[in-house]
Amino acid sequence: MTTENCIFCKIISGEIPAKLVAESEHAIAFNDISPQQPVHVLIVPRVHKENVTELALANPVEMQDVMRLGAQVAQMLTEGSHRFTFNTGVEAGQSVFHVHGHITSRTPKVAV
Ligand code: AMP
Ligand code: ZN
């Protein structure tokens, strides 16, 4: 899939709306359109790479920024317990081929 017909590239450019949660120099975080848990946020690098393997090997600075933004989102929105997962390949459940990490949690941060 090329950058032109990539749904996450369109969200990054603003062509398609998304519920933005946080952003950084190299990545954005937005709510998953079909949440599987009370917290379900996608962490997406601005650069188009097909999966996390490609990103980690070719773009270590962007990879680090994705991990940092995911950590910030987890601290901001959860009580601490969460998963940060990257599906890689169709057989592993990847359906959008612009790398993204899922922050999922059953324990949203309780407002004080
Ligand atoms: P994966 O199956 O790991 O590739 O995850 C793709 C995720 O993207 C799924 O959880 C979808 O619900 C989510 N998704 C697809 N389209 C959108 C969209 N337009 N805005 C937000 N999340 C989306
Ligand atoms: Zn893309």
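Conventions adopted
Residues numbered from 1 in each chain as written. Chains lettered and ligands numbered in written order. Predicted model: local features only at pLDDT ≥ 70, side-chain atom pairs only at ≥ 80, totals over all residues. Heavy atoms only, no water. Near = heavy atom within 4 Å. Polar contact = N/O pair within 3.5 Å; in protein donor to acceptor, adjacent residues only side chain to side chain. Areas by Shrake-Rupley, 256 points an atom, 1.4 Å probe, with all protein chains shown as cover. Helix = DSSP H or I, 4+ residues; strand = E, 2+ residues; numbered from the N terminus. Donors = N, O, S within 2.8 Å, 3.2 Å for Na, K, Ca; no water. Tetrahedral: all angles 85-135°; square planar, octahedral: opposite > 155°, others 65-115°. Buried < 20%, exposed > 50% of the residue type's maximum accessible area, 1.4 Å probe, protein only. Pairing = 2+ DSSP bridges. UniProt positions renumbered as here; feature names shortened; annotations may be inferred.

1. Side note on the site of ligand 1
Here is step 1 of the chain: In the vicinity of ligand 1 lie 16 residues, with Asp32, Asn87, Gly93, Ser95 and His102 positioned nearest.
Here is step 2 of the chain: Residue Ser95 places a main-chain N or O atom 2.7 Å away from an oxygen atom belonging to ligand 1.
Here is step 3 of the chain: Within the contact set of ligand 1, an oxygen atom lies 2.8 Å away from a side-chain nitrogen or oxygen of His102.
Here is step 4 of the chain: Coverage of ligand 1 by the protein chains reaches 84% of its 500 Å² of free accessible surface.
Here is step 5 of the chain: Looking at the shell around ligand 1, the elements with two or more residues in it are helix 1 (7-13) and strand 2 (27-31).

2. A few points about the coordination of the zinc ion (ligand 2)
Here is step 1 of the chain: Of the protein atoms, only Cys6 (SG), Cys9 (SG), His48 (ND1) and His98 (ND1) coordinate the zinc ion (ligand 2), at distances of 2.0 to 2.3 Å.
Here is step 2 of the chain: The coordination sphere of the zinc ion (ligand 2) comprises 4 donor atoms, whose angles at the metal cover 105 to 116°; the geometry is tetrahedral.
Here is step 3 of the chain: Along the chain, the residues donating to the zinc ion (ligand 2) fall in the pattern C-x2-C-x38-H-x49-H. Residue Cys9 is located in helix 1, and its partner His98 is located in the loop between strand 4 (83-85) and strand 5 (101-105); the two are separated by 89 residues in the primary sequence. Per residue, the accessibility class of Cys9 equals that of His98, and both read buried.

3. Digging into the pairing of strand 3 (residues 39-45)
Here is step 1 of the chain: Within strand 3, 7 of the 7 residues are buried, which leaves it mostly tucked inside the rest of the structure.
Here is step 2 of the chain: Of the two faces of strand 3, both are covered, the one formed by Val39, Val41, Ile43 and Pro45 as well as the one formed by His40, Leu42 and Val44.
Here is step 3 of the chain: Of the pairings in the sheet, the one linking strand 2 to strand 3 comprises 5 bridges and is antiparallel in character. Counted as the bridge partner of Ala27 is Pro45 from strand 3.
Here is step 4 of the chain: Of the pairings in the sheet, the one linking strand 3 to strand 5 comprises 5 bridges and is antiparallel in character. Looking across to strand 5, one finds that His40 is bridged to Thr104.

4. Structural notes on the UniProt feature "domain: HIT" (unreviewed entry) in the protein
Here is step 1 of the chain: Following the UniProt record, the feature "domain: HIT" (unreviewed entry) maps to residues 7-112 here.
Here is step 2 of the chain: Secondary structure across residues 7-112 divides into 30% helix and 23% strand, with the first and last C-alpha atoms of the span separated by 36 Å.

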